[in-house]
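Residues per chain, in single letters:
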Amino acid sequence: MTQCSTKQWSKKEILALARQYDISIAEHTVPKLMENLFLLTVHHCTVKEAIDEMSAM
Amino acid sequence: MTSKTILYDFNNKLCAFTRIFSDFTPPNIEGNGLLSGYNFAVKDLLDVEGYTTTAGSIILANAPAASRDSAVVAKLRAAGALLVGCTNMDEFAYGFVTENVHYGTTCNPHDLTRLAGGSSGGSAAAVAAGMVDFALGSDTNGSIRIPASLCGIYGLRPTYGTVDDTGCFPFVKRLDVVGPFARNIDVLGHVFAVMADKQIADVEIDGLRIGILTGWFQHGADTDILTGIDAIAAHLGGAEYMELPMAASARSAAFILTAKEGGKRHLANLQKRPMDFDPATRDRLIAGALLPAEYVDDAEKIAAQFIAKAEKVLEEFDLLIAPSTPCVAPKIGESNMIVNGISVPARANLGLYAQPLSLTGAPILSVPLRRYGKLPLGVQLIAAKGREDLLLSVAKSLSAADIIGCDKPDYFMGISQ
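Residues numbered from 1 in each chain as written. Chains lettered and ligands numbered in written order. Predicted model: local features only at pLDDT ≥ 70, side-chain atom pairs only at ≥ 80, totals over all residues. Heavy atoms only, no water.

**Here we look at the interface of chain A and chain B**
Quoted interface sizes are often the accessible area lost when the parts come together. Contacts between the two partners involve 27 residues from chain A and, on the opposite side, 32 residues from chain B. Of the roughly 2400 Å² buried between chain A and chain B on both sides combined, carbon and sulfur atoms contribute 75%. Our enumeration of links across chain A and chain B arrives at zero salt bridges. Between the two partners, chain A and chain B, sit four residue pairs in polar contact (both at pLDDT 80 or more). (Contact = heavy atoms within 4.5 Å. Buried area = accessible area lost by both parts, 1.4 Å probe. Salt bridge = Lys/Arg side-chain N within 4 Å of Asp/Glu carboxyl O. Polar contact = N/O pair within 3.5 Å; in protein donor to acceptor, adjacent residues only side chain to side chain.)

**Looking at the pattern of salt bridges**
Residue and element names in this part refer to chain B. Per the counting criterion, the structure on display carries 24 salt bridges over all chains. With its nearest N and O atoms 3.2 Å apart, the salt bridge here joins lysine 374 to aspartate 224. Separated by 150 residues along the polypeptide, lysine 374 in the loop between β16 (364–368) and β17 (378–382) and aspartate 224 in helix α6 (residues 223–235) bring together distant segments of the chain. Assessed through its relative accessible area of 49%, lysine 374 is described here as partly exposed. Assessed through its relative accessible area of 29%, aspartate 224 is described here as partly exposed. The salt bridge involving arginine 282 is made with aspartate 283; its shortest N-O contact spans 3.1 Å. (Helix = DSSP H or I, 4+ residues; strand = E, 2+ residues; numbered from the N terminus. Buried < 20%, exposed > 50% of the residue type's maximum accessible area, 1.4 Å probe, protein only.)

**Some remarks on the pairing of strand β9 (residues 154–157) of chain B**
Residue and element names in this part refer to chain B. The two faces of β9 match: Tyr154 and Leu156 on one face and Gly155 and Arg157 on the other face are all buried. Bridging between β9 and strand β10 (residues 177–182) involves two bridges; their strand directions are antiparallel. Looking at β10, one finds that glycine 155 is bridged to phenylalanine 181. Bridge count for β9 against β16 is three bridges, and the pairing is antiparallel. Opposite glycine 155, over in β16, you have serine 366 as the bridge partner. (Pairing = 2+ DSSP bridges.)

See below:
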């Protein structure tokens, strides 16, 4: 089973993604956004590991 | 019937209401409706004819007034209940705390320095303080069960789809359910019967197959709540300790699906007027909107697996028992809370035990443990779909034995009703 990586989102990545969705990000909101995206990434890792476990069974 | 003066006085302390109607003088009711003589409040995401539904946001504050009552409000009024106002909530129902930058923070009637929980915190606080006989909230990931637990009252998340949600501002459509809060289990049953157009009769509770959820559902829980669960099980004739498979990954899946659907629902306003959102809501909704499709696809897979496994467990057991929250109400303004002596983030962890269970669509009743002189704690009773009658009968038996029950907070004792 592969170990899921809980990646930190960079400011550059977030701003690029936000542009795709036509959302303007105020500078001061970036840290909270990074925190929230990181939390969601951690949750995705939990999900991914459960899928891997199911596949291995 | 609570006087208008008392409502305003209590509301100054609690910030439970966003709006108290000026014209709620009781009509000349003959007393023949099932709910005649009861007054109630609704979370400010249910349409009330003639008023704007804000969903806890200023973005909707200038929207046109609702042209008719939401389906549940219409039913409750038709049954004779008197609507006195709309209650505070986390913006767009996205939160477990009812800290709303636009409308204020709702305080817990048992300790005004603590949170009432959310997102239906205003409704729970209004009921707990005795401002109204019952109130309506909505529950997507625990937004009825969590404030019910922290405010020490009954809160029912009905079976998904049982209550008509027409006129309810949506959050995550596949999980949203409208349900009632009350201090009295009989009142809760009457209200639910009207909301769901159902006859609710008492049912036999001897010989129930009962499971106490362990693993995920006990990790980090206050020891008092685990003792309370054991007392409930003993009263009901004993229970088996068992694990609900995949609870941790189901909770994560619910977290992802909620963020994505919330982000998608509010995308137009996130693009046009992001600074009009409550910052705590906005930053989570934007994160949800930006999530890669892969996250959502994986979350869907896990949700489907978990639902299938939970349905199987609910065929084997008549009743499941789990904590509603890990601990008592956290202090207002503190980002962390203490769970079993360990400091953990409050916002994320209040929904630990409630969130995965929402995916099942099963009815869940949060009942208040009887804890004289202590801050409230609630326990979730879970049954198969459509078995609210069983949950209500179990709660009546536990209440009669004084294992569960509501205490009116000291400050509010004897002032109203």
